[in-house]
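# Residue-level structure breakdown
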Amino acid sequence: MKKLSIVLIGVLCTFQLCFSQGAPDYTGGMKVKLNEEGTKYFRIISWAQFWAQHNSDRPLDVNGNEQSDLNFSIRRARVLMYAQLNKKFMILTHFGLNSLNGDNLSPTGKGESSQLFFHDVWGEYSLSKNHAIGGGLHYWNGISRANNQSTLNIMMLDNTRQAWATIGLSDQFARHMGVYVKGKFDKLQYRVSINDAVTNNLQASASPVNGAAIYSGRRLLGSKDAGRTYAGYFDYNFLDQESNFLPYKVGTYLGTKKVFNVGAGFFLHPKGSVSLDNNSNIEGEDVSIFAVDAFYDAPIGENGAAITAYGLAQFNDYGNNFTLGQTYETGTMLHAHLGYVIPSSNSTKFQPYAHFTTRSIDALDDNANQFGIGANAYFSGHHSKLTLEYQNTKYANNDAVGTITLQAMIYL
């Protein structure tokens, strides 16, 4: 058996791998059976995204010097492995790094940004064919499809940042420490979780003020009063049924499935934020985020054309007049994107797309708007692709900022 496993690994690693989303020659990837029945196995997935980005409006650096309009970065470098020990139990680990560039590289590779860290580590037990319970550092998020987005098959250059609505506030990089239950009832899929909020978040050094909340409930009120978060997402699959074996939602199927889903979700953190009352006493404010969304992906005709469309309405309450880093605000967000795979009989596929996001900001009584246009060139489905995107962002009264990014992605 050991010899067979070694041979399998060697064979798998010498072939160029593709994926079922637009690349039918991908036959399961680096998956190794540990028994003849295939009930025991492990699978390894690895991917990397390299960016070349042009931005003529970059601010001065920390020393007051002008920065180059062009910079390079590794947007993501990840390894994910999951193992099915038997039909009842699975374990998943996922590690890597993000946004490594010339500003945060270190001389010997020992700097903070150069280090790998765990994105996910969880174990799962099957309660029945369609239902399972698990726990650990997990990605079974609530709110929306976008908040459960896979980074392997995003249609746009990147996910809508504000849809990952709790990164660094209550979680570690969109992952919470807790327990979840997931499954489906016929065409209705669900995922719900109870989690611990992080203590040392993005506002670990912030002090409460009167009239504007900060996200420091657990740190300032304690874990008993402000330590728990609750999340859930429910989506009804009208057409082809999507897999919920893993939590990562597909961004575009490139016409290999016909999917129409409508979903709704939530995130609740009682007393997650705090502010000062008129007597300068700290009082907790509940954090609540709700969303509804719809996703459609289907082939058009018989010549390889396909359409992908997504719409999201997200309602954010981080506390009174909350705002942080032009990213998180109490207010409302509307997002939509649309892509079209151009008809072709070749293995290479081209997909132009457009997206638009508008956000209200209660604290500023103003809006933030973002739009982008781009195109994907798929040489082997999502496993080998180039993406070129122009994105324009305007935040409140600030000047609009335009960015052009070229991404090269490899996924095995």
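Residues numbered from 1 in each chain as written. Predicted model: local features only at pLDDT ≥ 70, side-chain atom pairs only at ≥ 80, totals over all residues. Heavy atoms only, no water.

The name that an unreviewed UniProt entry assigns to the protein is Short chain amide porin, with the source organism given as Winogradskyella wandonensis.

### Some words on the pairing of strand β7 (residues 176-185)
Note the threshold: Strand pairing is assigned whenever DSSP identifies at least 2 bridges connecting the two strands. A helix here means a DSSP run of H or I that spans at least four residues, while a strand means a run of E at least two residues long, and both kinds are numbered starting from the N terminus.
Where strand β6 (residues 131-138) meets β7, eight bridges bridge the pair, whose relative direction is antiparallel. Following the sheet pairing, His131 is matched in β7 by Gly183. Sheet analysis places β7 next to strand β8 (residues 188-196), joined by nine bridges and oriented antiparallel. Residue Tyr180 lies in a different strand from β8, and its bridge partner there is Ser193. Linking β7 to β8, which pair antiparallel, is a turn of two residues; within it Asp186 sits at a positive phi near 55°.

### What to know about the pattern of salt bridges
As a reminder, the rule being used: The working definition used for a salt bridge is a side-chain nitrogen of Lys or Arg within 4 Å of a carboxyl oxygen of Asp or Glu. Each residue is placed in one exposure class: buried if its accessible area under a 1.4 Å probe, protein chains only, is under 20% of its type's maximum, exposed if it is over 50%, and partly exposed if it falls in between.
One pass over the structure, following the stated rule, counts eight salt bridges. The closest approach of N and O atoms between Arg76 and Asp158, which form a salt bridge, is 2.7 Å. One end of the pair, Arg76, is in strand β3 (residues 70-84); the other, Asp158, is in the loop between β6 and β7, with 82 residues separating them in the sequence. The exposure class assigned to Asp158 is buried, which follows from its relative accessible area of 14%. The residue Glu124 makes a salt bridge to Lys182 at a minimum N-O spacing of 3.6 Å. Placement of the pair is Glu124 in strand β5 (residues 117-126) and Lys182 in strand β7, with a sequence separation of 58 residues. Judged by its relative accessible area of 5%, Glu124 falls in the buried class. Each of Arg75, Arg76 and Asp158 takes part in salt bridges that share partners, so that together they form one network.

### Let's talk about the nonpolar core
Quick reminder of the rule: Residues belong to a common nonpolar core when they are buried Ala, Val, Leu, Ile, Met, Phe, Trp, Tyr or Cys residues joined through side-chain atoms within 4.5 Å. In what follows, residue pairs with any heavy atoms lying within 4.5 Å of each other are defined as contacts.
Core analysis: the biggest nonpolar cluster contains 41 residues, and Tyr82, Trp122 and Tyr318 have the highest contact counts within it. Looking at this core, the elements that each hand over two or more residues are β2 (41-54), β3, β4 (89-101), β10 (259-276), β11 (282-300), β12 (305-317) and β19 (401-411). Here the element with the most residues in this core is β11; it accounts for four residues. Ignoring any residue separated from it by four or fewer positions in sequence, one finds Trp122 in contact with Met90, Ile91, Leu92, Gly135, Gly136, Leu137, His138, Tyr139, Trp140, Tyr180, Pro247 and Tyr248. Listed in part, the six residues of the second largest apolar core include Trp51, Ile154, Met155 and Leu157.

### Description of a nonpolar patch on the surface
Note the cut-off: Each patch is built from salt-bridge-free residues with over 30% relative accessible area, joining like charges within 9 Å and nonpolar side chains (Val, Leu, Ile, Met, Phe, Trp, Tyr) within 5 Å. All accessible-area figures derive from a Shrake-Rupley calculation using a 1.4 Å probe, and residue coverage is judged against the displayed protein chains alone.
Where nonpolar side chains cluster on the molecular surface, the patch consists of Phe185, Leu188, Phe234, Tyr236, Phe238, Leu239, Phe260, Val262 and Tyr296 and spans about 750 Å² of accessible area. For the nonpolar patch, the elements supplying multiple residues, two or more each, are β9 (228-237) and β10. Tracing the chain through its elements places Leu239 in the loop between β9 and β10. Leu239 gets classed as partly exposed once you look at its relative accessible area, which sits at 37%.

### Brief notes about the pairing of β9
Both β8 and β9 contribute to a ladder of nine bridges, which runs antiparallel. The residue of β9 that forms the bridge with Asn195 is Thr229. Across eight bridges, β9 lies against β10 in antiparallel orientation. Looking at the pairing, Tyr233 lines up with Gly265 of β10.

### A look at the packing of aromatic side chains
Rules: Stacked, tilted and edge-to-face are the three classes assigned to paired rings of Phe, Tyr and Trp, where Trp is represented by its six-membered ring and a pair needs centres within 6.5 Å; plane angles under 30 degrees give stacked, over 60 edge-to-face, the rest tilted. Only lysine NZ and arginine CZ atoms are considered, and such an atom sits over a ring when it is within 6 Å of the ring centre and within 35 degrees of the ring normal.
What the rule picks out here adds up to 16 aromatic pairs. Both rings, one in Phe95 and one in Phe118, keep their centres 6.3 Å apart while their planes meet at 80°; by these two values the pair is edge-to-face. One end of the pair, Phe95, is in strand β4; the other, Phe118, is in strand β5, and 23 residues separate them in sequence. Look at Phe118 and you get partly exposed, because its relative accessible area is 45%. Here Tyr318 and Tyr328 contribute two aromatic rings whose centre-to-centre distance is 6.0 Å and whose plane-to-plane angle is 70°, an arrangement assigned as edge-to-face. Separated by 10 residues along the polypeptide, Tyr318 in the loop between β12 and β13 (323-324) and Tyr328 in strand β14 (residues 328-329) bring together distant segments of the chain. Note on accessibility: Tyr318 and Tyr328 belong to one class, buried. Through a chain of ring-to-ring contacts, the aromatic side chains of Tyr236, Phe238, Phe260 and Tyr296 assemble into a single cluster. Sitting above the plane of the Tyr41 ring, Lys31 keeps its charged end 4.4 Å from the centroid. Over the face of the ring belonging to Trp51 we find Arg75, whose NZ or CZ atom lies 5.5 Å from the ring centre.

### Topic: the side chain of Asn237
Keep this limit in mind: In the analysis that follows, any N or O atom pair within 3.5 Å is treated as a polar contact, provided that within protein one partner can donate a hydrogen and the other can accept it, and provided that, for residues neighboring in sequence, both atoms belong to side chains.
If you trace the backbone, Asn237 turns up in strand β9. The class of Asn237 is buried, set by a relative accessible area of 0%. At a separation of 3.0 Å, a polar atom in the side chain of Asn237 contacts the main-chain amide nitrogen of Glu242. Other than its neighbours up to four places away in sequence, Asn237 contacts Lys187, Gln189, Glu242, Phe260 and Asn261.

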